[in-house]
Each structure stands twice: as C-alpha cells, then as structure tokens.
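Descriptive structure summary
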Amino acid sequence: MLLTWKRAVIAIAAMGVAGMLFAWSGLFNVAASVPHFAVTNWFLHWVMQNSVWTYSVGTEVPDLSDPAMLYPGAGHYESGCASCHGAPGQAQSPVVAGMSPPPPYFPEAMDDWSEAELAWIVQHGVKFSGMPPWPAHAERADEVWPVVAFLRELPGMSPERYRDLAFGPAADQALRADLDPGFQATLADCARCHEADGSGRGAFVPIIAGQKEGYLKATLRAYADGTRHSGMMQPAANDAGAEMRDRLAAHYASQPPVRTDAPVAADEASLERGRTLAERGRPQDGIPPCLSCHAPTAGRDPAFPILDGQHARYLEQQLHLFHDGARGGTPYAHLMTGVTRRMTPEDMAGVAAYFASRPVPENVAETTID
Ligand code: HEC
Ligand code: HEC
Ligand code: HEC
C-alpha cells in the first residue's frame with residue numbers, strides 16, 4: 001500500500017480516536033499500588049532529566065561556600081522536604097515510599113545533578129510526580145540556593161550534624177515553663193532558624209529581636225497572605241495562624257535587641273557612600289535620606305522597620321528584591337519601591353554595610369497600628 005499524506009493523517013487520527021476510546025473505557029489502571037513498568041520508570045526519568053538539563057542551562061550559580069547558608073537550607077528542608085525525602089536518622093514513611101514514582105531517600109544517595117539543575121528542580125518541582133514547586137517560585141529564585149547548598153552535603157550526613165544544622169540549640173533548649181505548650185512549640189520552630197533570642201542563625205536569617213511590634217505583626221500577616229514573598233516564611237507564618245502571629249510579634253519585639261556578629265565586608269569608601277545615602281539621600285535620583293524614615297528616634301512609627309545592626313547580607317538582598325519588584329511586604333512596602341528605583345548595586349552594598357555597622361537602639365516604644 002502506498003503511504004500518502006492523506007493516509008498518514010487518517011492513520012494518526014484513528015490512533016487518536018483509539019486512545020480516547022481506551023481512556024474513556026476506564027481500562028487504563030491509574031492505581032499507584034501497581035508500580036510503573038521498569039521501562040516506563042526509565043522513560044519518565046529520562047524525560048525529566050532532559051527537561052531539567054534544557055531549562056537550567058545558563059543559570060548563574062552564586063557562591064555556595066558560606067557555611068551560614070546551611071542553617072536556613074537545612075531548616076527549610078526539615079519543614080518542607082524531609083516528610084517526603086527523609087532525613088539522616090529518620091527513615092522514610094512507608095506511606096510516602098508507596099508514591100509512584102517514590103521520592104528518592106536523600107540521606108543515602110542522590111543522582112548526579114549539577115547545582116543549577118538542583119536549583120531548577122527545587123524552584124519549579126516536577127509535574128506528574130508529587131514533587132512540588134517552591135512556594136514563591138515566581139519571585140524568589142534566589143531563595144532556593146541555601147537549600148541547594150544543603151542538598152550538596154546531605155547524602156551521607158550524620159544524624160548529629162543534621163540535628164545541629166536543622167534544629168541547632170533550639171532542640172535542647174529548656175522551654176520557658178511560664179508559656180503554654182502551643183506557644184512553646186511554635187517558638188521552638190521559629191528558633192530553628194532565628195535562634196531562641198531572635199538573633200538569626202547566620203547572615204542569611206534576619207535578626208527579629210527588638211524589631212518594632214507593629215512591623216513584625218504586619219510582616220507576619222503579609223507572609224501568611226502571600227503579599228510578602230518567601231518560600232521559607234510563607235509556610236511558617238501561615239501555619240502559625242492569626243492569633244499566634246500577633247503573640248509572636250509581641251514576643252520578639254520585647255526581646256533585647258542584638259546586633260549582627262557577621263563581619264561587615266566593606267571598605268571605607270563603600271561605608272561612606274552608605275552613610276551619605278542614609279543621611280542625605282541623593283535628590284537628583286529621587287532617593288530620600290533613609291534615616292528620615294529608618295532612624296530609631298524618628299522611628300516611633302511602627303510601619304518603618306529598624307535596620308541598625310541587622311545582617312548586611314540580609315539588608316542588601318532586600319534592597320535588590322525591592323528594586324526588582326519581587327519583595328512585596330506590608331501595605332507600606334511601595335514606599336521602598338520608589339526609594340530603590342535608581343539605586344545601583346554599589347549603593348545597596350554600601351548602605352547595607354552602613355546600617356549593619358550602626359549600634360542597635362534600645363527597645364523602641366511605639367504607637368500601635370493595625
Ligand atoms: C510530597 C512529596 C515531596 C516533597 C514535599 C518534596 N519532594 Fe522532592 N521529589 C518528590 C518526588 C516524588 C520526586 C521524584 C520525581 C521524579 O523522579 O520524577 C522528587 C524529586 C526531587 C529531586 C530530584 C531527585 C532525583 O534524582 O529524581 C530533588 C532534588 C528534590 N525532589 C528535592 C526536594 C526538595 C529540596 C524539597 C523541599 C523543598 C522537596 N524535594 C520536597 C516528592 C517530594
Ligand atoms: C526555615 C527557616 C525559618 C523558619 C523556621 C522561620 N523563619 Fe522567619 N525568616 C527566615 C528567612 C530566611 C527570612 C528572610 C525571608 C525573606 O527574604 O523575606 C525570615 C524572615 C522573617 C521575618 C521578617 C524579618 C524582617 O526584618 O522583615 C520575620 C518577622 C520572621 N521571619 C519571623 C519568624 C517567625 C515568628 C517564625 C516562626 C513561626 C519564623 N520566622 C520561622 C527563616 C525562617
Ligand atoms: C518614606 C519612608 C522610607 C524611606 C525614605 C526609606 N524607607 Fe526603607 N522601608 C520603609 C518601609 C515602610 C519599609 C517596610 C516595608 C514592608 O516590608 O512593608 C522599609 C523597609 C526597608 C528594608 C527592609 C527591612 C527588613 O527588615 O526587611 C530595607 C533594607 C530598607 N527599607 C532600606 C532603606 C534604605 C537603604 C533607604 C534609603 C536609601 C530607605 N530604606 C528609605 C520606608 C522607607
């Protein structure tokens with residue numbers, strides 16, 4: 001029989017109709033209790049590998065060598081990944097192991113992915129597999145890097161090291177007997193990343209001790225309703241619930257302020273540039289003096305957060321996010337979009353270093369907002 005275009009089209013259409021009939025008949029077995037054929041497994045994984053490779057080409061990998069990255073990386077792994085992929089000293093649940101395909105058990109081994117590929121998988125997830133995307137995947141591609149740094153070290157990690165990274169001293173800290181158990185449990189969870197005193201574990205987690213109550217309250221609400229974007233904080237704020245969030249805000253605001261212990265890596269010229277912006281702004285670029293809103297004395301207004309003594313790395317990152325329109329925040333966050341519009345990366349590094357080097361103020365008495 002001669003193969004003509006017409007016959008080819010008819011044959012393909014017939015196959016389509018047959019496929020639809022088969023799907024309609026209900027005979028295809030979607031039961032996850034029946035594992036994929038080995039060849040199906042191989043094929044699906046092969047398709048995934050090719051896709052991940054193609055889409056992660058050209059990704060710029062930042063420096064992942066800072067050990068401080070591992071705290072939020074491990075902390076988030078414990079809350080968002082361990083339930084499926086297991087953790088050192090913690091076997092995978094039989095319920096999860098029955099998924100088709102099953103999530104790989106990372107404490108033992110991981111396929112040979114590059115860092116760019118891991119970042120892509122963690123940011124976007126994998127269709128048809130149960131592997132979810134990062135909660136704020138559109139805005140916060142930057143946030144997956146601490147998780148990638150941690151995944152790199154995970155296979156073969158000892159349970160003790162995992163406990164130290166993902167829980168830290170919070171796991172052993174005597175909990176305050178005067179607090180009710182529900183509040184204690186939530187504080188212990190926050191402490192895994194922020195430390196019990198709110199000082200932030202390493203330069204990738206902000207200091208929240210002594211921050212203004214109104215700002216903390218509005219910020220936790222913004223994370224929970226998704227108007228401030230963070231794959232790490234959105235779940236934590238959401239799970240806490242509205243009443244607990246307000247208690248948390250009051251609690252951390254009343255903690256004695258602490259200052260960053262991370263060395264501020266900036267030279268004199270950069271610090272001076274930061275000081276000038278903070279005190280005088282740059283009118284020709286529409287940049288107001290930061291201190292007109294952020295000075296602790298002018299700062300009785302609870303909408304303006306205290307920046308003094310905060311980790312420079314955190315401040316700089318937030319400025320980039322405002323500049324790129326990816327930060328979100330409370331209903332006052334738009335003020336920062338204008339401020340950062342014409343700031344250069346050098347401005348941001350300088351002013352972040354300047355605020356990190358300022359002494360922390362006493363706990364501020366503030367008027368309350370709602
Ligand atoms: C609901 C369960 C679930 C959760 C939660 C989950 N994953 Fe997965 N993950 C999977 C499944 C299932 C696969 C297998 C996908 C495949 O092979 O096609 C997978 C695959 C992966 C892979 C590719 C591994 C490989 O070799 O196939 C990485 C990396 C990964 N997950 C990291 C993470 C990280 C990091 C988190 C937390 C931010 C996370 N996963 C959360 C289910 C989950
Ligand atoms: C997995 C680690 C982790 C856990 C657990 C965690 N946080 Fe965070 N938190 C972070 C990181 C990282 C940021 C910075 C997020 C960003 O870029 O928006 C942050 C930001 C914050 C901020 C905003 C600070 C600012 O200056 O704007 C507050 C407030 C906060 N966290 C409170 C909490 C509270 C309360 C809990 C417990 C319910 C908690 N966090 C649990 C890692 C964590
Ligand atoms: C008109 C008032 C105003 C001025 C001027 C201003 N800010 Fe802000 N800034 C805010 C407000 C309001 C927020 C809180 C945004 C939110 O999360 O809703 C904020 C937040 C920030 C944050 C994030 C803090 C955190 O804990 O996440 C940084 C960093 C910051 N500002 C830096 C600066 C710098 C640097 C300047 C000067 C170049 C500046 N701001 C000028 C009002 C101002």
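Now for a quick tour of the structure. As the structure is a prediction and not an experimental result, all values here were calculated from the model.

**Looking at the nonpolar core**
Counting 35 residues, the largest nonpolar core has Y77, W113, I121, F150, L151 and Y162 as the members making the most contacts within it. Only α2 (38–56), α3 (70–80), α6 (115–124), α7 (145–153) and α8 (159–166) provide two or more residues apiece to this core. No other element matches the six residues that α7 contributes to this core. Residue contacts for Y77: discarding those within four places in its chain leaves A82, H85, G86, F106, F150, L151, L154 and Y162. Counting residues in each nonpolar core, the second largest holds 24 residues, with A295, L307, Y314 and M336 among its members.

**Brief notes about the packing of aromatic side chains**
Within a pair of aromatic rings, the relevant descriptors are the distance that separates the centres and the angle that separates the planes. With the rule as written, the count across this model stands at eight aromatic pairs. Between the aromatic rings of Y77 and F150, the centroid separation amounts to 5.2 Å while the plane-to-plane angle is 50 degrees, which identifies the pairing as tilted. Pair noted here: Y77 is in helix α3 and F150 is in helix α7, with a separation of 73 residues, a long-range link. On the accessibility criterion, Y77 (0% relative accessible area) is buried. Of the aromatic side chains, those joined through ring pairs into one cluster are W42, F43 and W46.

**A closer look at the coordination of the iron atom of ligand 2**
Around a metal, the ideal angle is 109.5 degrees if four donors adopt a tetrahedral arrangement and 90 or 180 degrees if six donors adopt an octahedral arrangement. In the first shell of the iron atom of ligand 2, the protein supplies H194 (NE2) and M233 (SD), at 2.0 to 2.2 Å from the metal. For the iron atom of ligand 2, the six donor atoms in the first shell make angles of 87 to 179 degrees at the metal, so the coordination geometry reads as octahedral. Note that H194 is positioned in helix α9 (residues 181–194) and M233 in helix α11 (residues 233–240), a separation of 39 residues in sequence. When sorted by exposure, H194 lands in the same class as M233, which is buried.

**Focus: empty space enclosed by the protein**
This model, assessed by the stated rule, comprises two cavities of 30 Å³ or more. Lining the largest cavity are 13 residues, and of these I207, A209, V258, I306 and D308 lie nearest its centre. Taken together, the residues of the lining of the largest cavity sort by class into eight nonpolar, four polar and one charged. Counting residues domain by domain, the lining of the largest cavity receives three or more from each of domain 2 (169–253) and domain 3 (268–357).

Definitions and limits used
Residues numbered from 1 in each chain as written. Chains lettered and ligands numbered in written order. Predicted model: local features only at pLDDT ≥ 70, side-chain atom pairs only at ≥ 80, totals over all residues. Heavy atoms only, no water. Core = buried A, V, L, I, M, F, W, Y, C linked by side-chain atoms within 4.5 Å. Buried < 20%, exposed > 50% of the residue type's maximum accessible area, 1.4 Å probe, protein only. Helix = DSSP H or I, 4+ residues; strand = E, 2+ residues; numbered from the N terminus. Contact = heavy atoms within 4.5 Å. Phe/Tyr/Trp six-rings, centres within 6.5 Å; stacked < 30°, edge-to-face > 60°. Donors = N, O, S within 2.8 Å, 3.2 Å for Na, K, Ca; no water. Tetrahedral: all angles 85-135°; square planar, octahedral: opposite > 155°, others 65-115°. 1 Å grid on protein atoms, 1.4 Å probe; cavity = no way out; pocket = protein on both sides within 12 Å on 5 of 7 lines; lining within 4 Å. Points joined across faces, edges and corners; volume = space filled by probe spheres on them. Nonpolar A, V, L, I, M, F, W, Y, C, P; charged D, E, K, R; others polar. Domains from an automatic or database assignment.

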